[in-house]
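Residue-level structural notes
Spelled out from the first residue to the last, the chains are:
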Amino acid sequence: EFMQAFWDIEEVQVKAIQLLASSVRDKSAWPYLLKFTELATFAMKTHVDSPKLQVDGCSLLLEILSQAPEQDAVIALIENVASSLLDTVRKHSENEELLSLACTLLMTISASEVAAENLRKAGIITDLLSILSDFPHNAKICLSCCGVLWSLAVGENNADHALLKSAVPIISAVIQEHLQNGPVTESACSALWALSLQGCLTENEYEPTTALLLDVLRMNLERPVLVKNACLALASLLRLSEIPALRFITDSKGGGIKLMKDAYGLHVNDPEVVENICMLINEMVQYEDVVLDMLSQKTEELLSEIKRQFPSS
């Protein structure tokens with residue numbers, strides 16, 4: 001009631017949002033989370049010029065989304081947040097602290113297909129690519145933006161195909177910048193996978209992207225999620241052309257077959273990793289020249305070991 005009585009006074013809204021944030025973790029507040037969200041988003045829209053209110057509003061919304069006890073409640077909250085966040089991102093495109101919070105929120109809400117489609121229609125891809133280009137050093141921003149791009153690219157709607165093609169070099173630059181940062185490269189690899197599935201890579205990008213994904217694996221081979229994402233991205237590339245397949249086999253820093261053997265050794269008890277390794281190998285065998293290299297590198301020994309470990313596969 002206090003917030004609604006003084007919408008036009010920024011200081012009142014800031015203080016009220018801070019007080020709401022302090023109560024969100026109390027279970028007695030859970031029935032009111034949707035109302036909290038409505039109040040916060042309206043305050044953010046009303047005072048979009050206030051960086052302080054936007055930061056506190058984003059922090060409150062993140063807390064609410066982490067505490068919402070039911071999935072239905074989360075979806076309802078998501079529907080109310082998207083347009084307010086877009087206003088925030090566009091008004092404060094140079095505020096790194098605020099963008100870090102807002103992009104984390106965008107990644108969370110883009111998990112909803114409805115929210116992702118609404119964000120896409122509102123033109124968020126252009127905003128995301130601009131943010132990634134302006135803040136490639138910020139790991140949190142890069143992780144979040146790549147997560148949103150993955151959600152948008154895996155959708156069936158290809159209306160943004162040309163725009164998504166322009167995302168490939170930007171995401172590749174993010175991977176290069178954060179090569180040893182596992183969480184960021186996991187997110188970026190999933191985005192690259194989605195983009196390759198949509199046919200967004202040009203033929204000139206096949207080979208350097210393959211080499212980059214191999215570098216990611218070398219640096220982060222102990223991370224199962226990253227191995228899965230990188231294998232999916234590589235498999236989708238190999239499905240497109242023999243060019244990445246040959247690079248995978250003969251990479252100057254060490255061929256991909258050895259990496260697959262090392263990955264299998266590290267993650268032999270993770271069926272999803274093993275399945276994705278098999279998927280990658282299955283894409284390679286469609287090329288005769290590649291098969292000859294695979295045989296020379298004793299790939300059949302790896303396959304026999306997998307068959308012994310997973311006899312029903």
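That block above? That's the structure.
We now turn to the structure provided with this report. (Residues numbered from 1 in each chain as written. Predicted model: local features only at pLDDT ≥ 70, side-chain atom pairs only at ≥ 80, totals over all residues. Heavy atoms only, no water.)

1. Concerning the overall build of the chain
Each helix and strand in the chain was counted, giving 19 helices and 0 strands. With the principal axes as the frame, the chain shows a C-alpha extent of 75 × 40 × 30 Å. Across the chain, contacts joining residues at least 24 apart in sequence account for 74% of those joining residues at least 6 apart. Of the roughly 14200 Å² that the chain leaves accessible, carbon and sulfur atoms contribute 53%. (Helix = DSSP H or I, 4+ residues; strand = E, 2+ residues; numbered from the N terminus. Contact = heavy atoms within 4.5 Å. Areas by Shrake-Rupley, 256 points an atom, 1.4 Å probe, with all protein chains shown as cover.)

2. Describing the pattern of salt bridges
Enumeration according to the criterion identifies 12 salt bridges in this entry. Arg 90 is the partner of Asp 127 in a salt bridge, and the nearest nitrogen-oxygen pair spans 2.9 Å. With Asp 127 in helix α8 (residues 124–134) and Arg 90 in helix α5 (residues 71–91), this pair connects stretches of sequence that are 37 residues apart. Residues Arg 239 and Glu 283 are paired through a salt bridge, measuring 2.9 Å at the closest nitrogen-oxygen approach. (Salt bridge = Lys/Arg side-chain N within 4 Å of Asp/Glu carboxyl O.)

3. Some words on helix α3 (residues 33–46)
Here α3 is 14 residues long and its end C-alpha atoms lie 20 Å apart, about the 20 Å a rise of 1.5 Å per residue gives. Looking at α3, one finds that the buried residues are Leu 33, Phe 36, Thr 37, Leu 39, Ala 40, Thr 41, Ala 43 and Met 44. (Expected span 1.5 Å × (residues − 1). Buried < 20%, exposed > 50% of the residue type's maximum accessible area, 1.4 Å probe, protein only.)

4. Things to note about helix α15 (residues 242–250)
Pro 244, Ala 245, Phe 248 and Ile 249 are the residues of α15 that are buried. Buried residues along α15 cover an arc of 135 degrees about the axis, so they all sit on one side. Elements in contact with the buried residues of α15: α13 (203–219), α14 (224–240), α16 (256–266), α17 (271–284) and α18 (288–296). For α15, the side-chain oxygen to backbone nitrogen distance between the N-cap and Ile 243 is 3.0 Å, and the N-cap itself is Ser 241. (Arc of directions from axis to C-beta. Polar contact = N/O pair within 3.5 Å; in protein donor to acceptor, adjacent residues only side chain to side chain.)

5. Concerning the state of the cysteines
Under the defined criterion, the tally for this structure stands at 0 disulfides. Here Cys 103 stays unpaired: no disulfide links it, and the sulfur of Cys 145, its closest cysteine neighbor, is 3.7 Å away. No disulfide involves Cys 142; its nearest neighbouring cysteine sulfur is the one of Cys 146, lying 6.3 Å away. (Disulfide = S-S within 2.5 Å.)

6. As for the side chain of Asn 276
Relative to the helices and strands, Asn 276 is located in helix α17. Beyond its immediate sequence surroundings of up to four residues, Asn 276 is in contact with Lys 228, Cys 231 and Leu 232.

7. Overview of the packing of α13 against α14
Interhelical geometry of α13 versus α14 gives an angle of 160 degrees and a closest axis separation of 10 Å. Between α13 and α14, the crossing angle belongs to the class labelled roughly antiparallel. As α13 runs across α14, the sense of the crossing is left-handed. Where α13 approaches α14, its residues Tyr 206, Thr 209, Thr 210, Leu 213, Val 216 and Leu 217 are matched on the opposing element by Leu 226, Val 227, Ala 230, Ala 233, Leu 234, Leu 237 and Leu 240. Within the contact of α13 with α14, the residues separate by chemical class into 11 nonpolar, 2 polar and no charged. (Axes fitted to C-alpha atoms, helices over the stretch in contact; angles between N-to-C directions. Parallel < 35°, antiparallel > 145°, perpendicular 65-115°, else oblique. Left-handed = near helix turned anticlockwise from the far one by under 90°. Nonpolar A, V, L, I, M, F, W, Y, C, P; charged D, E, K, R; others polar.)

8. Some words on the nonpolar core
With 102 residues, the main nonpolar core has Ile 171, Leu 195, Leu 217, Phe 248, Met 260 and Met 284 as its most contacted residues. Apart from residues lying up to four places away in sequence, Leu 217 is in contact with Leu 226, Val 227, Ala 230, Leu 234, Leu 259 and Met 260. (Core = buried A, V, L, I, M, F, W, Y, C linked by side-chain atoms within 4.5 Å.)

9. A closer look at a nonpolar patch on the surface
Taken together, the side chains of Phe 2, Phe 6 and Ile 9 define a hydrophobic patch exposed on the protein surface, amounting to about 260 Å² of accessible area. Here Phe 2 is to be found in helix α1 (residues 2–5). (Patch = residues over 30% accessible without salt bridge, like charges linked within 9 Å, V, L, I, M, F, W, Y side chains within 5 Å.)

10. A look at the packing of α17 against helix α19 (residues 299–309)
Interaxial distance between α17 and α19 falls to 12 Å at its minimum, and their mutual angle equals 145 degrees. The crossing of α17 and α19 is left-handed. Contacts between α17 and α19 pair Val 274, Cys 278 and Ile 281 from the former with Thr 299, Leu 302, Leu 303 and Ile 306 from the latter. Taken together, the residues that form the contact of α17 with α19 break down as 6 nonpolar, 1 polar and no charged.

11. A short note on the environment of Leu 33
Turning to its location among the elements, Leu 33 is positioned in helix α3. Residue classification places Leu 33 among the buried residues on the basis of a relative accessible area of 3%. As a C-alpha pair, Leu 33 and Ser 166 span 133 residues in sequence and 38 Å in three-dimensional space.

12. A short note on the side chain of Glu 283
Relative to the helices and strands, Glu 283 resides in helix α17. By relative accessible area, which is 11% here, Glu 283 ends up buried.

13. Notes on the environment of Glu 63
For Glu 63, the location among the structural elements is in helix α4 (residues 51–67). Exposure remark for Glu 63: the relative accessible area of 18% places this residue in the buried category.

Just distances and angles here, no functional claims.
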